[in-house]
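Structure at a glance
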Amino acid sequence: GSVGRHLNALALPMAVGFVALNSYSIADTYFVGQLGTLQLAAIGFTFPVAFTMVAIGLGVGIATSSVLARLLGTGDRDAVQRITTHALLLGALLGVALLVIGLATIEPVFLALGADERTLPLIRDYMRPYYFGSVLFVLPMVGNFSLRAMGDSKVPAVILSLSAIVNIVLDPLLIFGLWGFPRLELQGAAIATVLANAVTVVASLTILYRRERMIRWRYVSVDDLWDSWRRLLHIAIPATATNLLLPVTFAAITAMVAVYGPEAVAGFAVASRLESVVLIVIFAVQASVGPVVGQNYGAGLLGRVRDAISLSNRFLLIYSLVFAVILFMFARPMAELFDENPVVVETATAYLRIVPFTYGAFGVMMISLGGLIRWAVRCLRRY
């Protein structure tokens, strides 16, 4: 069938799911902003760390999708079940590692990012429960990318929408202590996110196990695990390294912005959350390119691989330009919805009138990551 139609069928439900996922990040920022500018600044300091966890989860997810899509293209169902099972175990292991490392490095990491004695206690309140949800953060990415590799993007969208609803409902209850719930403020925002991720984990694993029958524990042995993890990590490591460019950049910018005070960090946080709404579509298209490229590459249809990459790049260049203009025009009123502090508003407005004009280049880079990662891995092996 049409390559463009396949891309649309995968990308549209993914975009809906990602919008739902991002909606509770927006809700977190909005509700925390009602607590005060310092609390909003504390959330801003956590973004680079949160993006690092996203980069790791995406790296494993992209690797899982790539390997599974090519195996599905060759029709090897047993290998599909084995890789899926072992990818989930790898995700759980990485989640535990993030928990241990994260709890041990809260103070040095956030001091390096520019947090001071006013914001550091607030950051601790948020990050401690957030880190305890590390496994629940990585696993659903692996599970949802496994479903997308099979061409099913609707179910992940529904799962993410359900998770977003849970988080948005819990946010005001736990942050402000409504309807008899304890007032936990920043801890409440983190706990709401962890509980919402738990819903996503249960739903995705249930579907993979019961409906798709892609989880089979008979494959769990040391030799099988090492073979699968070697294949996954050959793709996950370069994919994660590329995705880490974003949080490393955010960390550097956050440290620079922190020099101007917590109000400026709060403004940067608002702008980052607003721009993530636009970036959602870029990530959705990237995620749809992986299965289409992988299955056609596995079947030896390289012309369709080129078509998928070309169509995606053209769409994202036009899409990015349109939304850059929209953000330029409405930056100030959108920023004022979160905090009326003039420094916060001015910082967010300045960001949203400059950075969005680079989204097109970012989109092309992400399509290269999603569509050409297999060739990159082959080059790394060769040299």
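Residues numbered from 1 in each chain as written. Predicted model: local features only at pLDDT ≥ 70, side-chain atom pairs only at ≥ 80, totals over all residues. Heavy atoms only, no water.

1. Things to note about the environment of alanine 308
For alanine 308, the location among the structural elements is in helix α12 (residues 302-336). Along the sequence, alanine 308 and serine 288 sit 20 residues apart, while their C-alpha atoms lie 9.4 Å from each other. Non-local contacts of alanine 308, meaning those with residues more than four positions away in its chain, are made with Val3, Leu7, Val292 and Val293. (Helix = DSSP H or I, 4+ residues; strand = E, 2+ residues; numbered from the N terminus. Contact = heavy atoms within 4.5 Å.)

2. What about the pattern of salt bridges?
All chains considered together, the criterion is met by four salt bridges. Between aspartate 116 and arginine 118 there is a salt bridge, with the nearest N and O atoms lying 3.1 Å from each other. Judged by its relative accessible area of 42%, arginine 118 is partly exposed. For arginine 183, the salt bridge identified is with glutamate 185, shortest N-O distance 3.0 Å. Residue class for glutamate 185 comes out partly exposed when judged on its relative accessible area of 29%. (Salt bridge = Lys/Arg side-chain N within 4 Å of Asp/Glu carboxyl O. Buried < 20%, exposed > 50% of the residue type's maximum accessible area, 1.4 Å probe, protein only.)

3. As for α12
Because the α-helix completes a turn every 3.6 residues, residues three or four places apart line up on one side. Between its first and last C-alpha, α12 extends 49 Å over 35 residues, near the 51 Å set by a 1.5 Å rise per residue. Its axis deflected by about 65 degrees at phenylalanine 330, α12 carries its strongest bend there, up to four residues before the proline proline 333. Where α12 is concerned, the buried positions are Val305, Ala308, Ile309, Ser312, Asn313, Leu316, Tyr319, Ser320, Ala324, Leu327, Ala331 and Ala335. (Expected span 1.5 Å × (residues − 1). Bend = angle between axes of the 7 residues up to and from the residue.)

4. Some details on the confidence of the model for the chain
On average, residues of the chain score 82 in pLDDT, and 90% of them are at 70 or above. Counting contacts from residues 376-383, a segment whose pLDDT is below 50, to residues more than four positions away or on other chains yields seven contacts. (pLDDT = per-residue confidence, 0-100.)

5. Topic: the packing of helix α6 (residues 134-149) against helix α7 (residues 154-176)
Where α6 contacts α7, the axes come no closer than 8 Å and their chain directions differ by 155 degrees. On the basis of their axis angle, the class for α6 and α7 is roughly antiparallel. On α7, the residues touching Asn144, Leu147 and Arg148 of α6 are Val155, Pro156, Ile159 and Leu160. (Axes fitted to C-alpha atoms, helices over the stretch in contact; angles between N-to-C directions. Parallel < 35°, antiparallel > 145°, perpendicular 65-115°, else oblique.)

6. Comments concerning unusual backbone geometry
Only a minority of non-glycine residues have a phi that is not negative, and only a minority of peptide bonds are not trans. With a phi close to 55 degrees, tryptophan 179 is a non-glycine residue in the positive phi region. The topology assignment puts tryptophan 179 in the loop between α7 and α8 (186-211). Classification of tryptophan 179 as exposed rests on a relative accessible area of 78%. Although it is not a glycine, glutamate 185 adopts a positive phi angle of roughly 50 degrees. You can see glutamate 185 is positioned in the loop between α7 and α8.

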